[in-house]
Amino acid sequence: SNSKSSNLVFEIKGGSLPDQVLLLGGHIDSWDTGSQTGANDDGGGFITVFEALRVLRRLGLRPKRTLRFIAWSGEEWGTAEKGANQYVSLHLKELEQHVLAF
């Protein structure tokens, strides 16, 4: 596909270990037909993680490690320049600092 897409990145910087990243994500694109559409794929994953980060911010809680949430865009296409593949290519130098990905 020749269309452009961008991932959305939300982050809460860690307190004592800010260089270590816990990566959480869900994709925000979907197919418009079949059983795995919208809320099933992957609206539920996206909103669950987004809500957890929203609550942490609202309560003013600061984690030890940086929490980074990525709302993947263009994930269903599975190409190198979209979604998670795009994130990896743009963040190669810091991937060793990622201690968890979900």
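The sections below set out a description of the structure shown in this document.

## Here we look at the overall build of the protein chain
And step 1. Within the protein chain one finds two helices and four strands.
And step 2. Going from N to C terminus, the protein chain has its helices and strands arranged as β-β-α-β-α-β.
And step 3. For the protein chain, with 102 residues in total, the buried portion stands at 30%.
And step 4. At a minimum sequence separation of 6, the contacts of the protein chain that also span at least 24 residues come to 74%.
And step 5. Put simply, the protein chain shows about 6700 Å² of open surface, and 56% of that area lies on carbon and sulfur atoms.

## A few points about the sheet that holds strand E2 (residues 17–27)
And step 1. Across the sheet, four strands lie side by side as E1-E3-E2-E4; this open sheet has mixed pairing. Each of the sheet's edge strands pairs with one partner strand only, and the pair in question is strand E1 (8–12) and strand E4 (98–101). Taking the axes of each pair of neighbouring strands and ignoring which way they run, one obtains an average angle of 20° across the sheet.
And step 2. Taken together, the three bridges between E2 and E4 define a ladder with parallel strand orientation. Counterpart to Val21 in the pairing with E4 is His98.

## A closer look at the nonpolar core
And step 1. In terms of nonpolar packing, the biggest core is built from nine residues, these being Ile12, Leu22, Leu24, Phe46, Val49, Leu53, Leu67, Phe69 and Ala71.
And step 2. Once you skip the residues sitting within four places of it in the chain, Leu67 turns out to touch Phe10, Glu11, Ile12, Leu22, Leu53 and Leu56.

## A word on a nonpolar patch on the surface
And step 1. Residues Val55, Leu59 and Leu61 make up a contiguous nonpolar surface patch of roughly 270 Å² in combined accessible area.
And step 2. With respect to the helices, strands and loops of the structure, Val55 is situated in helix H1 (residues 39–59).

## With respect to the pattern of salt bridges
Between side chains of opposite charge, a pair can form as their charged atoms come close.
And step 1. Using the criterion set out here, one finds three salt bridges in the structure.
And step 2. Here Arg68 and Glu11 are joined by a salt bridge, their closest N and O atoms 2.6 Å apart. With a gap of 57 residues between them, Arg68 in strand E3 (residues 65–72) and Glu11 in strand E1 connect regions that are remote in the sequence.
And step 3. Overall, the relative accessible area of 9% leaves Arg68 in the buried class.
And step 4. Its salt-bridge partner being Glu51, residue Arg54 comes within 2.7 Å of it at the nearest N-O pair. With a gap of three residues between them, Arg54 and Glu51 both fall in helix H1, about one helical turn apart.
And step 5. The exposure class assigned to Arg54 is partly exposed, which follows from its relative accessible area of 37%.

About the thresholds
- Residues numbered from 1 in each chain as written.
- Predicted model: local features only at pLDDT ≥ 70, side-chain atom pairs only at ≥ 80, totals over all residues.
- Heavy atoms only, no water.
- Helix = DSSP H or I, 4+ residues; strand = E, 2+ residues; numbered from the N terminus.
- Buried < 20%, exposed > 50% of the residue type's maximum accessible area, 1.4 Å probe, protein only.
- Contact = heavy atoms within 4.5 Å.
- Areas by Shrake-Rupley, 256 points an atom, 1.4 Å probe, with all protein chains shown as cover.
- Pairing = 2+ DSSP bridges.
- Axes fitted to C-alpha atoms, helices over the stretch in contact; angles between N-to-C directions.
- Core = buried A, V, L, I, M, F, W, Y, C linked by side-chain atoms within 4.5 Å.
- Patch = residues over 30% accessible without salt bridge, like charges linked within 9 Å, V, L, I, M, F, W, Y side chains within 5 Å.
- Salt bridge = Lys/Arg side-chain N within 4 Å of Asp/Glu carboxyl O.

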